[in-house]
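The residues making up each chain are set out below.
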Amino acid sequence: MTTSTTRAGFDAFRDRMCDHFGQLPDGLGNQHLHVEQAPLGPDEYFTHRLDSDGHHIVYDPWQTNGLMVRQFLGIYATFTEEPIRVSVRDAYYEAEAAGAREIWGIVLSEIDRTQDSEGVVDQVLGLLQQARAKTKATAA
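Our subject in this report is the structure included herewith. (Residues numbered from 1 in each chain as written. Predicted model: local features only at pLDDT ≥ 70, side-chain atom pairs only at ≥ 80, totals over all residues. Heavy atoms only, no water.)

### Things to note about the layout of surface pockets
Right, so step 1: In this structure, the largest pocket occupies an estimated 160 Å³ of space.
Right, so step 2: Lining of the largest pocket is provided by 15 residues; of these, N65, G66, L67, M68 and G105 occupy positions nearest its centre.
Right, so step 3: At the level of elements, helix 2 (66–76), helix 3 (83–94) and helix 4 (98–114) are the ones that each hand at least two residues to the lining of the largest pocket.
Right, so step 4: Considering only residue class, the lining of the largest pocket consists of 7 nonpolar, 7 polar and 1 charged. (1 Å grid on protein atoms, 1.4 Å probe; cavity = no way out; pocket = protein on both sides within 12 Å on 5 of 7 lines; lining within 4 Å. Points joined across faces, edges and corners; volume = space filled by probe spheres on them. Helix = DSSP H or I, 4+ residues; strand = E, 2+ residues; numbered from the N terminus. Nonpolar A, V, L, I, M, F, W, Y, C, P; charged D, E, K, R; others polar.)

### Some details on the pattern of salt bridges
Right, so step 1: All chains considered together, the criterion is met by 7 salt bridges.
Right, so step 2: Linking R70 and D112 is a salt bridge whose minimum nitrogen-to-oxygen distance equals 2.9 Å. Note that R70 is positioned in helix 2 and D112 in helix 4, a separation of 42 residues in sequence. For the pair shown, R70 and D112 are each scored as buried.
Right, so step 3: Among the charged side chains, a salt-bridge network with shared partners connects R70, E81, E82, R85, R89 and D112. (Salt bridge = Lys/Arg side-chain N within 4 Å of Asp/Glu carboxyl O. Buried < 20%, exposed > 50% of the residue type's maximum accessible area, 1.4 Å probe, protein only.)

### Side note on the environment of P42
Right, so step 1: Along the chain, the position of P42 falls in the loop between strand 1 (30–37) and strand 2 (46–51).
Right, so step 2: A relative accessible area of 70% places P42 in the exposed class.
Right, so step 3: Taking C-alpha positions, P42 is 10.0 Å from F13, a pair spaced 29 residues apart along the chain.

Fair warning: the whole summary comes from geometry, so function is off the table for now.
Below is the structure:
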């Protein structure tokens, strides 16, 4: 797919989603957000439905990322997420270095993929502890 066809596809998709979100009832309140990853069709960057338990979004990680999906939804509705995802999202936005933002983006994407916030954070912590142990061993 060329850049121009990708851009045209995204523009068409954005128009469809804006129409969809424009039809949502006013006063959505503070709805819980459920985000997952799955392969979707061409020019289908994410899907959305609003149920009694909140917003459900599935996005295609090959076409977009969880941060962009959350930003897009945030234009139209208020939502909450579980505390770990909120913390990772906030850390992404507060990071001053591009490398740090990239790391937090990867962590959030992995949480969306696995649906296991605590497990992903435990893995990241384990990797950091291993790296620190190697650094201490090399310095000694």
